[in-house]
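If you want the building blocks of each chain, they are given just below.
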Amino acid sequence: MVKLIIKNLKEVDEAARKQAEELIQSKVEFYEQLFKKYDKDLTLEVIFDNSSSLTKVSASIDLKSKKVLLAEEDKEVLKAVTTLFNEFKKAVKRQYELERKDYEYKRKR
């Protein structure tokens, strides 16, 4: 099970806030499917940090072997969230496959 925590969403503009939240919710469904049979309950944490003109969005998930953490900065919130989750998806899948290969290797020995 993947639990979603969104921090500092109030720093995002009112117009983009609802769209960003819906986009994040749709991305969480992918992680629900990926980690359906995973032993550990996971927490996906998304943090918004709004400075003068840039918005920084970071996402992290704590897997068994290590914590995957990525951040993205952009002037537009939705663009930052989209690029962040595209890269985050690649990183999480790569780490998950490494864990799976390691598990299978240890099981065979």
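Here's a quick rundown of the structure. (Residues numbered from 1 in each chain as written. Predicted model: local features only at pLDDT ≥ 70, side-chain atom pairs only at ≥ 80, totals over all residues. Heavy atoms only, no water.)

### Regarding the overall build of the protein chain
- Of the regular secondary structure elements, the protein chain holds two helices and four strands.
- For the protein chain, the α and β elements follow one another from N to C terminus as β-α-β-β-β-α.
- With respect to the three principal axes, the spread of C-alpha positions in the protein chain is 55 × 20 × 15 Å.
- The 109 residues of the protein chain split such that 32% are buried. (Helix = DSSP H or I, 4+ residues; strand = E, 2+ residues; numbered from the N terminus. Buried < 20%, exposed > 50% of the residue type's maximum accessible area, 1.4 Å probe, protein only.)

### Concerning the side chain of Thr 55
- Turning to its location among the elements, Thr 55 is positioned in strand β3 (residues 55-62).
- Thr 55 sits in the buried class, given a relative accessible area of 5%.
- Among the polar contacts made by the side chain of Thr 55, one reaches the side chain of Asn 50 at a distance of 3.4 Å.
- Ignoring anything within four residues of it in the chain, the contact list for Thr 55 reads Phe 48, Asp 49, Asn 50, Glu 72, Glu 73, Asp 74, Lys 75, Val 77 and Ala 80. (Polar contact = N/O pair within 3.5 Å; in protein donor to acceptor, adjacent residues only side chain to side chain. Contact = heavy atoms within 4.5 Å.)

### With respect to the side chain of Ser 60
- Mapping Ser 60 onto the fold places it in strand β3.
- Classification of Ser 60 by relative accessible area gives buried; the value is 7%.
- If near-sequence neighbours (up to four positions away) are discounted, Ser 60 is found in contact with Thr 43, Leu 44, Glu 45, Lys 67, Val 68, Leu 69 and Phe 88.

### Here's the deal with helix α2 (residues 77-108)
- Its 32 residues give α2 an end-to-end C-alpha distance of 46 Å, which sits within 8% of 46 Å, the value for a rise of 1.5 Å per residue.
- Of all the positions in α2, only Val 77, Ala 80, Val 81, Leu 84, Phe 85, Phe 88, Ala 91, Val 92, Gln 95, Tyr 96 and Glu 99 are classed as buried.
- Those residues of α2 that are buried lie in contact with α1 (14-34), β2 (42-50), β3 and β4 (67-74). (Expected span 1.5 Å × (residues − 1).)

### Brief notes about the packing of aromatic side chains
- Applying the stated criterion to the full structure yields six aromatic pairs.
- Where Phe 30 meets Tyr 31, the ring centres are 5.1 Å apart and the plane angle is 75°; that geometry is what we call edge-to-face.
- Each residue in the set Phe 30, Tyr 31, Phe 85 and Phe 88 is aromatic and connected to the rest through ring pairs, giving one cluster.
- Sitting over the ring of Tyr 38, Lys 64 keeps its end group 5.0 Å from the ring centre. (Phe/Tyr/Trp six-rings, centres within 6.5 Å; stacked < 30°, edge-to-face > 60°. Lys NZ or Arg CZ within 6 Å of the ring centre and 35° of its normal.)

### Concerning the pairing of β3
- Where burial is concerned, most of β3 is hidden: six out of the eight residues are buried.
- Across seven bridges, β2 lies against β3 in antiparallel orientation. When the sheet's bridge partners are listed, Phe 48 is paired in β3 with Val 57.
- Hairpin geometry of β2 and β3 is characterised by an intervening segment of four residues between the two adjacent antiparallel strands.
- In this structure, β3 lies alongside β4, joined through eight bridges in antiparallel fashion. Considered in β4, the bridge of Ser 58 is made with Ala 71.
- Where β3 hands over to β4, the hairpin turn is made up of four residues, counted between the paired strands. (Pairing = 2+ DSSP bridges.)

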